[in-house]
Amino acid sequence: METQTLINWLSDHFELATTAFFAIISAVAIYFRSRQTKNGKKTLAKSLAKNLGEPLTLHPEIDPVKCLGCGTCTAACPEGDILKLIDHKAVLVAPTKCVGHGECEKACPQSAITLVFGTKTRGMEIPRINSNYETNIQGLYITGELGGMGLIRNAIKQGVIATQHAFKQLKQSPLRSALSATSTIDLLIIGAGPAGLAASLKAKELGLNYLCIEQNSFGGTVFNFPRQKIVMTVPADLPLVGLMKFKANHVSKEELLEFWNGVRAKQALNIQEHTKFDSLQIHELGFQIGYTHTKNEVKAPQTIIARKVILAIGVRGSPRKLGLPNEDLAKVAYNLIDAEQYENKQIVVVGGGNAGVEAAIALAKDTLHNEVRLLVRGKAFDRCNETNQNLVQQLANAGRITICYESSVKEIFPETLTLDLTGEKKSIANDYLFVFAGAEMPQKFLATLGVAIDQKFGEALAA
Ligand SMILES: Cc1cc2nc3c(=O)[nH]c(=O)nc-3n(C[C@H](O)[C@H](O)[C@H](O)COP(=O)(O)OP(=O)(O)OC[C@H]3O[C@@H](n4cnc5c(N)ncnc54)[C@H](O)[C@@H]3O)c2cc1C
């Protein structure tokens, strides 16, 4: 009966009811939008106050005219609260946390987002490559992180594209069998990270005579991730294998390496570890490459002739050092593979990025009883995702890590370190020093090979 009365009332007052309905919807929308704007402004103000307002790598640039404020980009970002809506427009509110996944660009229905390198004021040095990842030197390719783009799935994609292009070029001239120099190979791939693995698989699929050399161990940067590190990677297509897909796009370092090792064994890939590439010269048949075996006692330089070369050496081959005397002591390291090896030790970790913070977290595990100090250069964490920041803060609150902001190492001695702790010099006992100060992009080395390097000031991807 009451329902009938309500229906009668609504049909008698239809106009009033519709107006009230839309007024309520509008009020709710206005409330949520103003809350979004308030949140966005708060995060942006926090970033600016901590001097973290400028992106460090590949990042989205939003066209405010095209942006409709639908928020699909904010939801698509795998790193969390990096993009937010302010006054119905997407804004990069935590720029230094962006690692260039590019999911926002793909998600935007208005094509209002472009991924760019560097900013108007901060240039980023990138080797000049075309859409096939070929450098200004014909037949020499650069793929993966060395080309300026991080992430495993980008490295895989680029390794495949470069190999495909090299194959097409080789097809236009006589293949190896027709060449007189029998020691000449079609393709040399340098570096066995995800880019080198994908290139090797593609080379095998295409029937190329190829070799992949790796100075350390197969797996690239992933091999050096801390034990049990969770790797975030969206599905990527591996030649001869198919879609590399993991549960919820999360996989542990060990599982990923096991999968890659399985692929390597099954496909009998021609990958030679502990072989370091040293030099490259133009040769009448392509390139003459100098290399050394890093495990041999006698490191006699050797050469090989390759018609095409893919450089997939990443950027961590040359970790950024502190530039201090005694940095070559065995207690100083630039990566941490297994934190369990360190027990009851006095440890200093330098670096407020993800690598440094993850190493400090692993070393501070309660069963290890280490005393861990984390030195951060600035007043806050930069280049570190929210999850890691929360975890490290929890450990600091529990007294398991001491976070020292605006601090650095001044002197290194076998059993001690001199630290600058916010302007105050202090000598501390020390067993191990882990440095995660980023990596120098090997521009100098690339320049000696004749590869052109460009400074990008907020420019879009060429490829
Ligand atoms: C701490 C950390 C966490 C990360 N987490 C993720 C993540 O969760 N998801 C993700 O997608 N990406 C992540 N990344 C980024 C990802 O690891 C890289 O983008 C990716 O490994 C790049 O692949 P690559 O093949 O270009 O180079 P790399 O993986 O760096 O491999 C390059 C290889 O080349 C070798 N090499 C270098 N110089 C020479 C030489 N002269 N001769 C022979 N070999 C040489 C190196 O030893 C190395 O093995 C992370 C990176 C770090 C540092």
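Q: Could you give an account of the sheet that holds strand β26 (residues 459–460), naming the residues involved and the relevant values?
A: Pairing within the open sheet is antiparallel, and its three strands lie in the order β1-β4-β26. For this open sheet the edge positions go to β1 (59–62) and β26, each flanked by a neighbour on one side alone. By the bridge criterion, two bridges tie strand β4 (residues 113–117) to β26 in an arrangement that is antiparallel. When the sheet's bridge partners are listed, V116 is paired in β26 with A460.

Q: For the packing of aromatic side chains, give the residues involved together with the corresponding values.
A: Counting across every chain of the model gives seven aromatic pairs. With 5.3 Å between their ring centres and 75° between their planes, F21 and F22 make a pair best called edge-to-face. Exposure remark for F21: the relative accessible area of 48% places this residue in the partly exposed category. Ring centres 5.5 Å apart and planes at 70° place the aromatic pair F277 and F445 in the edge-to-face group. Taken together, the positions of F277 in strand β14 (residues 275–283) and F445 in helix α10 (residues 443–449) put the pair 168 residues apart, joining distant regions of the chain. Within the aromatic cluster, the residues linked to one another by ring pairs are Y342, Y432 and F434. Over the ring of F225 we find K229; its NZ or CZ atom is 5.2 Å from the centre of that ring. Over the aromatic face of F223 sits the side chain of K253, whose NZ or CZ is 5.8 Å from the ring centroid.

Q: Break down the site of the ligand for me, citing the residues and quoting the values.
A: Looking at the ligand, there are 28 residues lining it, with E145, L151, E214, T221 and M232 nearest. At 3.0 Å, a backbone N or O of A195 approaches an oxygen atom of the ligand. The backbone of F277 places a nitrogen or oxygen atom 3.0 Å from a nitrogen atom of the ligand. Expressed as a share of its isolated accessible area of 1,000 Å², the protein-covered part of the ligand is 89%. For the shell around the ligand, the secondary structure elements donating two or more residues are α5 (152–171), α6 (194–205), β9 (230–232) and β14. Taken together, the residues that form the shell around the ligand break down as 13 nonpolar, 10 polar and five charged.

Q: Describe the nonpolar core, with residues and values.
A: What tends to happen in soluble globular proteins is that the nonpolar side chains get buried as a cluster. By size, the foremost hydrophobic cluster in this structure holds 61 residues, and its most contacted members are L188, M244, L256, W260, I289, V309 and L311. In terms of residues, this core owes the most to one element, α5, which gives eight residues. Sequence-distant contacts of M244, that is, excluding residues within four places in its chain, are made with I152, I156, V234, P235, A236, L238, L256, F259 and W260. Formed by 23 residues, the second largest nonpolar core is a distinct cluster that contains A364, F381, V392 and F436.

Q: Report on the packing of α5 against α6, specifying residues and quantitative values.
A: Angle between the axes and distance between the axes: these two values describe a pair of packed helices. For the pair α5 and α6, the least separation of the axes is 7 Å and the interaxial angle reads 35°. In terms of crossing hand, the pair formed by α5 and α6 is right-handed. Contacts between α5 and α6 involve I152, A155, I156, G159, V160, T163 and Q164 from the first element and P194, A195, A198, A199, K202 and A203 from the second. The residue inventory of the contact of α5 with α6, partitioned by class, reads nine nonpolar, three polar and one charged.

Q: Lay out the sheet that holds strand β24 (residues 432–435) with the relevant residues and their values.
A: Taken in spatial order, the five strands of this open sheet run β17-β24-β18-β19-β20, and their pairing is parallel. Strand pairing shows two members of the sheet lacking a second neighbour, β17 (332–333) and β20 (401–404), which therefore form its edges. Pairing geometry for strand β18 (residues 346–350) and β24, over four bridges, is parallel. Within the sheet, the bridge partner assigned to I347 lies in β24 and is Y432.

Q: Any details on the state of the cysteines? Residues and values, ideally.
A: Tallied over the entire structure, the rule returns zero disulfides. Here C104 is not cross-linked by a disulfide; its sulfur's nearest cysteine counterpart is in C73, at 6.5 Å. Overall, C104 belongs to the buried group, its relative accessible area being 8%. Left unpaired, C384 is separated from the closest cysteine sulfur, that of C77, by 14 Å.

Q: Residues and numbers for the domain arrangement of the protein chain, please.
A: When the domains of the protein chain are assigned, the result is domain 1 (2–117), domain 2 (127–318 + 442–456) and domain 3 (332–435). The centre of domain 1, based on its C-alpha atoms, is set 41 Å off from the matching centre of domain 2. Domain 1 puts 11 residues into the contact, and the matching count from domain 2 is nine residues. Both sides together, the interface formed by domain 1 and domain 2 hides about 680 Å², and carbon and sulfur atoms give 60% of it. Contact with domain 2 buries surface across domain 1, with L58, H101 and F117 losing the most and accounting together for 60% of the total. One can count one salt bridge joining domain 1 with domain 2. Taking the shortest distance from any N to any O, the salt bridge between R153 and E103 comes out at 3.0 Å. Taken together, the residues that form the side of domain 1 that touches domain 2 break down as four nonpolar, four polar and three charged.

Q: Account for the side chain of Q158, naming residues and giving values.
A: Mapping Q158 onto the fold places it in helix α5. In this view, Q158 contacts Y133, T143, G144 and M149; residues no more than four positions away in its chain are not counted.

Q: Describe the pattern of salt bridges, listing the residues and the values that go with them.
A: In total, this model carries 12 salt bridges according to the counting rule given. A salt bridge links D454 to R128, with the nearest nitrogen and oxygen atoms 2.9 Å apart. Linking D454 in strand β25 (residues 453–456) with R128 in the loop between β5 (124–127) and β6 (140–142), this pair joins segments that are 326 residues apart in sequence. For R307, the salt bridge is made with D186, and the minimal N-O distance between the two is 3.6 Å. Remark: D186 occurs in strand β7 (residues 185–190) and R307 occurs in strand β16 (residues 302–311); sequence separation between them is 121 residues. Note on accessibility: R307 and D186 belong to one class, buried. The structure contains a network of salt bridges with shared partners spanning E103, K106 and R153.

The rules behind each value
Residues numbered from 1 in each chain as written. Predicted model: local features only at pLDDT ≥ 70, side-chain atom pairs only at ≥ 80, totals over all residues. Heavy atoms only, no water. Pairing = 2+ DSSP bridges. Helix = DSSP H or I, 4+ residues; strand = E, 2+ residues; numbered from the N terminus. Phe/Tyr/Trp six-rings, centres within 6.5 Å; stacked < 30°, edge-to-face > 60°. Buried < 20%, exposed > 50% of the residue type's maximum accessible area, 1.4 Å probe, protein only. Lys NZ or Arg CZ within 6 Å of the ring centre and 35° of its normal. Near = heavy atom within 4 Å. Polar contact = N/O pair within 3.5 Å; in protein donor to acceptor, adjacent residues only side chain to side chain. Areas by Shrake-Rupley, 256 points an atom, 1.4 Å probe, with all protein chains shown as cover. Nonpolar A, V, L, I, M, F, W, Y, C, P; charged D, E, K, R; others polar. Core = buried A, V, L, I, M, F, W, Y, C linked by side-chain atoms within 4.5 Å. Contact = heavy atoms within 4.5 Å. Axes fitted to C-alpha atoms, helices over the stretch in contact; angles between N-to-C directions. Left-handed = near helix turned anticlockwise from the far one by under 90°. Disulfide = S-S within 2.5 Å. Domains from an automatic or database assignment. Buried area = accessible area lost by both parts, 1.4 Å probe. Salt bridge = Lys/Arg side-chain N within 4 Å of Asp/Glu carboxyl O.

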